[in-house]
Amino acid sequence: MLSRVAESVYWMNRYMERAENYSRFLDVNFQLSLDLNEDSNRQWMPLVYTTGDNELFSKKYNTPSKENVIHFMSLDTENPNSIMNCLIRARENARTIRENISTPMWEVINEFYLTIKSKRKFEESDMPGIAEFFKAIRNQCLLFYGCQEATISHDEVWHFALLGRLLERADKTTRILDMKYFILLPAREEVGSTLDLIQWLSLLKSASAHEMFNRFYTRITPKNIAEFLILDKIFPRAIRFCLSKAFDSLKILSGTDRDTYGDETEKRVGVLLSEMNYASIDEIFSSGMHEYLDQLQVRLNGIAAQLDETYFRN
């Protein structure tokens, strides 16, 4: 398999996953804004911090209003991580490897691109339909994943696709958790309040985790939510689950068994996964949640960089 093909299919999936994540972040925050009379800076600016694009946003916009943040994160072509730019890049990667993906996959991503391309800017008058706009984005991303699952062989192309999706998903899960713990941490008098509970519920919804969380936990508490999104073995957006499935794909790509490792990427994922297998949420809280999540992001970035070096630069 050509490294060019592996890299394109990997990034095609990372960008699609990023677009889906952003649509969920924005939609949940929009729904939350309808229920709360919150200051716009507190309500919307944390989303920009979550993506790491706050410096660019501050240069372009005077205020973190609802309209500005939604436009910046969804349609702004000057924001390299906007939904629009993610889709442009995903489509371009798909175009370069047309012979390695199925026609239904190409049709979904191309139609998705053409639909979003027709949208230029959000105005106040567009707000009533914004929830449907984000729902359409999520549905298109899920349709793409379904087409990929059902219409291509589960060979090397498939495993590089999974790696892109899983590493992006794990990274975004750390960021939405960090947003609540570090940026949206309430004042002491708000802890345990209705406002605090609503914000925790919104965090679960941002990870599409609310219903599954309720199956296993009877109380919505910071520790329970963090435990579910970090350490759960079977929820698809939990960090531990993502790393476990990524490790499986790396093993298949390298042809090594689980007791050894074939390259540095496998080693890094395996070490991190082993640590998480023996971690407890009490230990994570006692050492500092923000510090733990920050280190997770650094290590996930290191894994992505090592994957690039191992498979795409040779």
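Residues numbered from 1 in each chain as written. Predicted model: local features only at pLDDT ≥ 70, side-chain atom pairs only at ≥ 80, totals over all residues. Heavy atoms only, no water.

### Comments concerning the overall build of the protein
Secondary structure assignment for the protein yields 15 helices and zero strands. Of all 314 residues assigned to the protein, the portion counted as buried reaches 56%. Nonlocal contacts in the protein, meaning residues at least 24 apart in sequence, comprise 67% of its contacts between residues at least 6 apart. As displayed, the protein offers around 14400 Å² of accessible surface, 49% of which is attributable to carbon and sulfur atoms. (Helix = DSSP H or I, 4+ residues; strand = E, 2+ residues; numbered from the N terminus. Buried < 20%, exposed > 50% of the residue type's maximum accessible area, 1.4 Å probe, protein only. Contact = heavy atoms within 4.5 Å. Areas by Shrake-Rupley, 256 points an atom, 1.4 Å probe, with all protein chains shown as cover.)

### Considerations on the packing of helix α12 (residues 239-254) against helix α13 (residues 264-277)
It is at 9 Å that the axes of α12 and α13 come closest, and there the two elements cross at 145°. Considering how the two elements wind past one another, α12 and α13 form a crossing that is left-handed. Facing I239, R240, L243, S244, F247, L250, K251 and S254 of α12, the residues of α13 in contact are T265, E266, V269, G270, L272, L273, M276 and N277. Here the contact of α12 with α13 is built from residues that sort into eight nonpolar, five polar and three charged. (Axes fitted to C-alpha atoms, helices over the stretch in contact; angles between N-to-C directions. Left-handed = near helix turned anticlockwise from the far one by under 90°. Nonpolar A, V, L, I, M, F, W, Y, C, P; charged D, E, K, R; others polar.)

### Here's the deal with the pattern of salt bridges
By the definition in use, this model includes 19 salt bridges. Ionic pairing is found between R138 and D27, a salt bridge with its closest N-O pair at 3.1 Å. Remark: D27 occurs in helix α1 (residues 3-35) and R138 occurs in helix α7 (residues 130-151); sequence separation between them is 111 residues. Assessed through its relative accessible area of 18%, R138 is described here as buried. Connected through shared salt-bridge partners, R14, R18, E168, D171, K172 and R175 make up one network. (Salt bridge = Lys/Arg side-chain N within 4 Å of Asp/Glu carboxyl O.)

### Thoughts on the packing of α12 against helix α15 (residues 289-312)
Where α12 contacts α15, the two axes come as close as 14 Å, and the packing angle between them is 15°. With respect to α15, the axis of α12 lies roughly parallel. Like other packed secondary-structure pairs, α12 and α15 cross with a definite hand, here left-handed. In contact with I239, L243, L250, L253 and S254 of α12, α15 contributes L296, L300, I303, L307 and Y311. (Parallel < 35°, antiparallel > 145°, perpendicular 65-115°, else oblique.)

### Some words on the confidence of the model for the protein
Scored by pLDDT, the protein comes out at a mean of 88, with 89% of its residues at no less than 70. Contacts of residues 187-192 to residues separated by more than four positions or lying in other chains number five contacts, the stretch itself having pLDDT below 50. (pLDDT = per-residue confidence, 0-100.)

### Describing the state of the cysteines
By definition, a disulfide links the sulfur atoms of two cysteine residues through a covalent bond. In the structure shown here, the tally under the stated rule is zero disulfides. Left unpaired, C86 is separated from the closest cysteine sulfur, that of C141, by 9.3 Å. Owing to a relative accessible area of 0%, C86 belongs among the buried residues under this scheme. (Disulfide = S-S within 2.5 Å.)

### Notes on the packing of aromatic side chains
Tallied over the full model, the rule gives 15 aromatic pairs. Their ring planes at 80° and their centres at 5.3 Å tell us that F160 and Y311 sit as a pair that is edge-to-face. Linking F160 in helix α8 (residues 156-183) with Y311 in helix α15, this pair joins segments that are 151 residues apart in sequence. Grouping residues by exposure puts F160 and Y311 together as buried. Here the aromatic rings of Y217 and F228 are separated by 6.1 Å at their centres, their planes lie at 80°, and the arrangement is edge-to-face. In this pair, Y217 is assigned in the loop between α10 (210-216) and α11 (222-231) and F228 in helix α11, connecting sequence segments 11 residues apart. Overall, the relative accessible area of 16% leaves Y217 in the buried class. The buried category is assigned to F228, whose relative accessible area is 0%. Among the aromatic side chains, those forming a connected cluster through ring pairs are Y10, W11, Y15, F160, Y311 and F312. (Phe/Tyr/Trp six-rings, centres within 6.5 Å; stacked < 30°, edge-to-face > 60°.)

### Things to note about α7
Three or four residues apart is the spacing at which side chains of an α-helix point the same way, because the helix has 3.6 residues per turn. Taking 1.5 Å as the rise per residue, α7 with 22 residues should run 32 Å; its terminal C-alpha atoms sit 32 Å apart, in good agreement. What α7 keeps buried is the set I130, A131, F133, F134, I137, R138, C141, F144, Y145, C147 and Q148. (Expected span 1.5 Å × (residues − 1).)

### Some thoughts on the environment of V28
By the element assignment, V28 lies in helix α1. V28 gets classed as buried once you look at its relative accessible area, which sits at 15%. Contacts of V28, omitting those with residues within four sequence positions, involve S202, K205 and S206.

### Quick look at unusual backbone geometry
At S208, a residue that is not glycine, the phi angle is positive and equals roughly 50°. Along the polypeptide, S208 turns up in the loop between α9 (194-206) and α10. Take S208: its relative accessible area is 37%, and that puts it in the partly exposed class.

### Notes on the nonpolar core
Counting 98 residues, the largest nonpolar core has M12, M16, L26, I109, L229, I230 and L243 as the members making the most contacts within it. Taken domain by domain, this core gets at least three of its residues from each of domain 1 (1-152) and domain 2 (154-313). The contact partners of M12, leaving out residues within four places of it in the chain, are A90, N93, A94, I97, I101, M105, I109, F144 and Q148. (Core = buried A, V, L, I, M, F, W, Y, C linked by side-chain atoms within 4.5 Å. Domains from an automatic or database assignment.)

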